[in-house]
Amino acid sequence: VQLQASGGGLVQAGDSLRLSCAASGGIFSMYAMGWFRQAPGKEREFVAYISWSGGTTMYADSVKGRFTISRDNAKNTVYLQLNSLKPEDTAVYYCAAVPRYSSYNPIRMNDYNHWGQGTLVTVSS
């Protein structure tokens, strides 16, 4: 499956953004999805996860209560709603897919097989 992330941009602290990740070339509902981010000079980190059905979600503590992950299997798209943005949220955001029947840890980057190209979110103070 190929993934295309979009929706990043330059915003001010406190603003909101919605990131999208469109999937193609596979059966989207066969995959659980995750969002990760990489800030300048830092390692890539887990942000959010959603199961294939959308019934299970997980969040990093740093974004819990501010970010919301969702998916629309009819549109082959996963979303990440970013609210109350902070300068420390500045990063390249990546979507990733893992087959739902595989054995995986939702927060472990290396378990994901497919990655989008990333979309840059910059939050000014």
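Everything numeric in this text was worked out from a predicted model, so none of it was measured.

Along strand 1 (residues 2-6), the buried face is formed by Leu3 and Ala5; none of Gln2, Gln4 and Ser6, which line the opposite face, is buried. In this sheet, strand 3 (residues 17-24) lies alongside strand 1 in antiparallel orientation, the contact comprising five bridges. Pairing of alanine 5 across the sheet is with cysteine 21, part of strand 3.

Met33, Trp35, Leu80 and Tyr93 are the most contacted members of the largest nonpolar core, which has 37 residues in total. At six residues, the largest contribution of residues to this core is made by strand 9 (residues 91-99). Setting aside its immediate chain neighbours within four residues, tyrosine 93 contacts Leu19, Trp35, Phe36, Arg37, Val47, Phe67, Leu80, Leu82, Gly118, Thr119 and Val121.

So, on to the state of the cysteines. As enumerated under the stated definition, the model contains one disulfide in all. In this model cysteine 21 forms its disulfide with cysteine 95; the gap between the sulfur atoms is 2.1 Å. A torsion of 65 degrees about the S-S bond marks the disulfide between cysteine 21 and cysteine 95 as right-handed. In this pair, cysteine 21 is assigned in strand 3 and cysteine 95 in strand 9, connecting sequence segments 74 residues apart. Judged by its relative accessible area of 0%, cysteine 21 is buried. Look at cysteine 95 and you get buried, because its relative accessible area is 0%.

Reading the values: rules and limits
Every chain is numbered independently, its residues counted from 1 as its sequence is written. Local features in this predicted model are restricted to residues of pLDDT 70 or higher, and side-chain atom pairs are both shown and tallied only at a pLDDT of 80 or more, whereas totals for entire chains, interfaces and linings draw on every residue. Only hydrogens and water are removed before side-chain values are computed, so all heavy atoms of the structure are retained for them. Three labels apply to residues, based on accessible area from a 1.4 Å probe with only protein chains included: buried if under 20% of the type maximum, exposed if over 50%, partly exposed otherwise in between. Here a strand is any run of E in DSSP of at least two residues, a helix any run of H or I of at least four, and the numbering for each starts at the N terminus. Only strands joined by at least two bridges in the DSSP assignment are considered to pair. Residues belong to one nonpolar core when they are buried, are Ala, Val, Leu, Ile, Met, Phe, Trp, Tyr or Cys, and are joined through side-chain atoms within 4.5 Å. Whether two residues touch is decided by their heavy atoms; if any such pair falls within 4.5 Å, the residues are in contact. Two cysteine sulfur atoms form a disulfide, by the criterion used here, when they sit within 2.5 Å.

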